[in-house]
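# Geometric and topological summary
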Amino acid sequence: MTAVASSAARTDTDATPLIRVENVVKHFAVGSGLIGHAVVHAVDGVDLVVNTGETLGLVGESGCGKSTLGRVIVQLQPATSGHVYFKDVDLTRTRGEKLRRLRQQMQMIFQDPYASLNPRMAVGDIIGEPLHNFGLARGREANKRVQDVMRVCGLNPGFINRYPHEFSGGQRQRIGIARALVLNPSFIVADEPVSALDVSIQAQIVNLMEDLQDRFHLTFLFIAHDLSVVHHMSDRIAVMYLGKIVELGSTAAVRDKPLHPYTKVLQSSVPIPDPDLESSRHPILLTGEIPSPVNPPSACRFHTRCPIAQPICSEVEPPLESNSDGHLAACHFPGKL
Amino acid sequence: MTAVDGISFNIDRGERVGIVGESGSGKTMTALSLLRLVPEPGRITKGRILFGERDVVHMTDEEIREYRGADVAMIFQDPMTSLNPVLRVGFQIEEAMAAHRRFTRRQAQERVVPIMKRVRIPAAAQRIRDYPHQFSGGMRQRVMIAMGLSNEPSLLIADEPTTALDVTVQASIIELLRDLSREMGAAVILITHNLSVIASLCDRVIVMYAGRIVEEGPTRAIFKSPQHPYTWSLLRSLPRLDEREHEKLISISGLPPDLSNLPPGCKFHPRCRFRIDRCFKEEPELENVGPGQDARCWVLMRNVTEPEAVKS
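Along each chain, numbering runs from 1 in the same order as the chain's sequence is written. Chain letters start at A and ligand numbers start at 1, both assigned in the order the entries are written. Two thresholds apply to this predicted model, a pLDDT of at least 70 for residue-level local features and 80 or more for giving and counting side-chain atom pairs, whereas whole-chain, interface and lining totals are computed over all residues.

## Here we look at the overall build of chain B
When you go through chain B residue by residue, the secondary structure sums to 12 helices and 10 strands. Note that the radius of gyration is over C-alpha atoms, with the globule rule given as 2.2 Å times the number of residues to the power 0.38. In terms of C-alpha radius of gyration, chain B reaches 21 Å, essentially the compact-globule figure of 20 Å for 312 residues. C-alpha atoms of chain B, sized along the principal axes, occupy 65 × 50 × 35 Å. The exposure scheme places C-beta atoms from the backbone and then counts, for each residue, the other C-beta atoms within 10 Å of its own, assigning buried at 20 or more, exposed at 12 or fewer, and partly exposed in between. Of all 312 residues assigned to chain B, the portion counted as buried reaches 46%. By the convention adopted here, residues make contact when the C-beta atoms placed from their backbones lie within 7 Å. The contacts of chain B with a sequence gap of at least 6 include a subset with a gap of at least 24, amounting to 63%. Numbered from the N terminus, helices here are DSSP runs of H or I no shorter than four residues, and strands are runs of E no shorter than two.

What follows is the structure, given as structure tokens:
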């Protein structure tokens, strides 16, 4: 496929929602004392749509709740409240065998290729386990499917009997991707899939994920803290801060015209590998620390660190609303920083 | 195993130099050698490390103790494991000074708050009594920088100082290092895998691969006209925030080499898309390729037409 055709394919999403997240809340209870226990507001009222065939990038700093949101979407963790719809089926209300069947279509790729593979299992068994779990294939047929997927992911199918420690970090991440693909899913949550890898290997995995998306019409939720990778991979971007989506829009709109001050701060903080550009760029430095999700600030959660905060920001919570063409921001003064 | 093989470079007073490379490239070993801190059973088997006129390799134990920390300070990736969790932060900074007797105990005590202010720790006077766990990751790294700078060293080595930090915090630490090196005239060696961070901080770049310097030069030259295929490919493998059109990243096929089993010839040739026959057999020397720029390559990127079209 030529570069032009592939970039056209990337924007050619038919905008039918595959995943719909409605007012999802995820709280964790921490500790226990006489007065009761503290509650971590990891995800606090998120609405989000992932369209069929697109890559939605979810970006934010550590502790913002992006990984928790990804896990709640694929039901690895139950939501405290709210709904997650997969093709109009409410996953939060689905149990047992029906949920198990739906899970085939939703897979996850994890950050750490060292921790997410069982060191005592041969690679073929790791990749083939989902087939076994769902009773889809066994024996020679399963082996064939595993080897096909290995080939697609750039792994030598002859290595089917090797163990994870015999592979490098980048190859292990390919194993994790192969395991996610073996069931032919339509939706994949990739949680920081390249951040543990060496620079020269990151591009291999990014390119592989793009190829697989074109080839198998996959829909991705791509979770990362690295704004540059998210920009590169995504059709649309959601920016998260302290459990809430603060901005959501097409990659071009968010890149060229960030509306939320936090998005702007993030962008200005990311260095660009160009010394001439860098000498004229200055990061907008935030004062203070990221507040605790146990006791998040009132109203707009960014107001304690926002360079342009006004009294209203600590009093009235700004809704995530559209400013133009589906470009949403939760700010009383969008685009003013 | 040879982790670092025949490295030569100079750092000028007040200069900021970035050493970039992937895991196993030898960048951290190079930095540890400068402090003679190569972990056992590793040894510096050959070469000289001159600090001014003095050779670090042949310093007595007494001399090296004084040199470490007072002349050259080092800060590490993970500030939590470098700080003592049961001692107050202010006391730890004071100890770093007491260890070198450049200041009296009284002077050292009095310097703690100004140093913490200098690294922009807010409410420094109150925070000297806090313990490391009461500091955030970014603030802990500031404490490490404060300790490093407390004896006014002429060289600060920072080994992946921002890798464990969030991007907004990373930006503030990089700004701090830049300001401090200007204010205090200290040279900085920044060791990182992140080329973008080097672009924003360093005057000069050293690119390492398989224990060797493969390219070296002024930051601008390295980023604008890299001559070694490894440097060239690394720069094009990075997604950029300022990219307008979606272009496929250039990936470097294969893996970094196993240091105990290096290939013959140029150590990068198994992964190089521009290799010629000679690269398989003979290892090139680091040779001058432009003003202040050296590269270790038989081909050189300026001799490749349309490098993007060359398939790996």
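## Overview of the sheet that holds strand β6 (residues 187-192) of chain B
Residue and element names in this part refer to chain B. Read from one edge to the other, the open sheet built from eight strands follows the order β4-β5-β6-β1-β7-β8-β10-β9, with strand pairing classed as mixed. Among the strands making up the open sheet, the edge pair consists of β4 (72-75) and β9 (287-290). Each strand axis lies, on average, 20 degrees off the axis of its neighbour in the sheet, ignoring direction. Any two strands with at least two DSSP bridges between them are considered paired. Sheet topology places strand β7 (residues 204-209) next to strand β8 (residues 212-218); six bridges connect them, and they run antiparallel. Within β8, the residue paired with Ile-206 across the bridge is Glu-216. Every axis in this analysis is a line fitted to C-alpha atoms, fitted for helices over the stretch in contact. Angles between the N-to-C directions lie between 0 and 180 degrees.

## What about the sheet that holds strand β12 (residues 327-329) of chain A?
Backbone hydrogen bonds hold the strands of a sheet together, and the pairing may be parallel or antiparallel. Residues and elements named next belong to chain A. One open sheet holds the eight strands; their spatial order is β6-β7-β8-β3-β9-β10-β12-β11, and the pairing between them is mixed. Two strands lie at the open edges of the sheet, namely β6 (106-109) and β11 (321-324), each paired on one side alone. When strand polarity is set aside, the average angle formed by the axes of neighbouring strands in this sheet is 20 degrees. Bridge count between β11 and β12: three bridges; the pairing is antiparallel.

## Some remarks on the environment of Arg273(B)
Here Arg273(B) lies in the loop between α11 (229-236) and α12 (277-281). Spatially, the C-alpha atoms of Arg273(B) and Pro307(B) are 9.0 Å apart, while their sequence positions differ by 34 residues.

## Comments concerning the interface of chain A and chain B
Of the residues lining the interface, 36 residues belong to chain A; the matching set on chain B comes to 37 residues. Elements represented by at least two residues in the side of chain A that touches chain B include exactly α1 (3-11), α7 (199-216), α8 (227-233), α10 (261-269) and α11 (275-280) of chain A. The element best represented in the side of chain A that touches chain B is α7(A), accounting for seven residues. Any residue outside Ala, Val, Leu, Ile, Met, Phe, Trp, Tyr, Cys, Pro, Asp, Glu, Lys and Arg is labelled polar, Gly included; the first ten of those are nonpolar and the last four are charged. Considered class by class, the residues forming the side of chain A that touches chain B number 17 nonpolar, 13 polar and six charged.

## Considerations on α10(A)
Counted residue by residue, α10(A) has seven buried out of nine residues, so it is predominantly covered. Taken together, the buried positions of α10(A) are Pro261(A), Tyr262(A), Thr263(A), Val265(A), Leu266(A), Gln267(A) and Ser269(A). Residues of α10(A) that are buried sit in contact with α8, β9 (236-241), β10 (244-250) and α9 (251-256) of chain A together with α8 (167-184) of chain B.

## Quick notes on the environment of Glu192(A)
Tracing the sequence through the fold places Glu192(A) in the loop between β7 (187-191) and α7. With near-sequence residues (within four places) excluded, Glu192(A) lies in contact with Gln111(A), Ile223(A) and Ala224(A).

## What about the nonpolar core?
By size, the foremost hydrophobic cluster in this structure holds 168 residues, and its most contacted members are Ala178(A), Phe222(A) and Val239(A). Not counting residues within four places of it along the chain, the set of residues in contact with Ala178(A) comprises Ile127(A), Val149(A), Met150(A), Cys153(A) and Leu155(A). A set of buried residues drawn from Ala, Val, Leu, Ile, Met, Phe, Trp, Tyr and Cys, joined through C-beta atoms within 7 Å, is what defines a nonpolar core.

## Looking at the packing of helix α4 (residues 123-133) of chain A against helix α5 (residues 139-152) of chain A
Residue and element names in this part refer to chain A. The geometry of α4 relative to α5 is characterised by a closest axis approach of 9 Å and an angle of 120 degrees between their N-to-C directions. In terms of axis orientation, α4 runs oblique to α5. Judged by the sense of rotation from one axis to the other, the crossing of α4 with α5 is right-handed. Contacts from Gly-124, Ile-127, Gly-128, Leu-131 and His-132 of α4 reach α5 at Ala-142, Asn-143, Arg-145, Val-146, Val-149 and Met-150. For the contact of α4 with α5, the per-class residue count stands at six nonpolar, four polar and one charged. Roughly parallel here means an angle under 35 degrees, roughly antiparallel means over 145, roughly perpendicular means 65 to 115, and every remaining angle is called oblique. Note: crossing handedness is left-handed where the near helix turns anticlockwise from the far helix by less than a right angle, and right-handed where it turns clockwise.

## Notes on the pairing of β7(B)
When a strand is regular, its side chains alternate between the sheet's two faces. Residue and element names in this part refer to chain B. Counting buried residues in β7 gives six out of six residues, a clear majority hidden from the surface. Side chains of β7 alternate between two faces, with Arg-204, Ile-206 and Met-208 and Val-205, Val-207 and Tyr-209 buried alike. Note that strand β1 (residues 16-20) and β7 share four bridges and pair parallel. Each residue of the ladder has a partner; that of Ile-19, found in β7, is Ile-206. A loop of two residues connects β7 with β8, the two strands running antiparallel in sequence, and Ala-210 in this loop sits at a positive phi of about 50 degrees.

## Thoughts on the confidence of the model for chain A
Residues at a pLDDT of 70 or more form 94% of chain A, whose mean pLDDT is 91. One number per residue, pLDDT, summarises how confident the predictor is, and it ranges from 0 to 100. By mean pLDDT, α1(A) is the weakest element of chain A at 42, and strand β3 (residues 55-59) of chain A is the strongest at 98.

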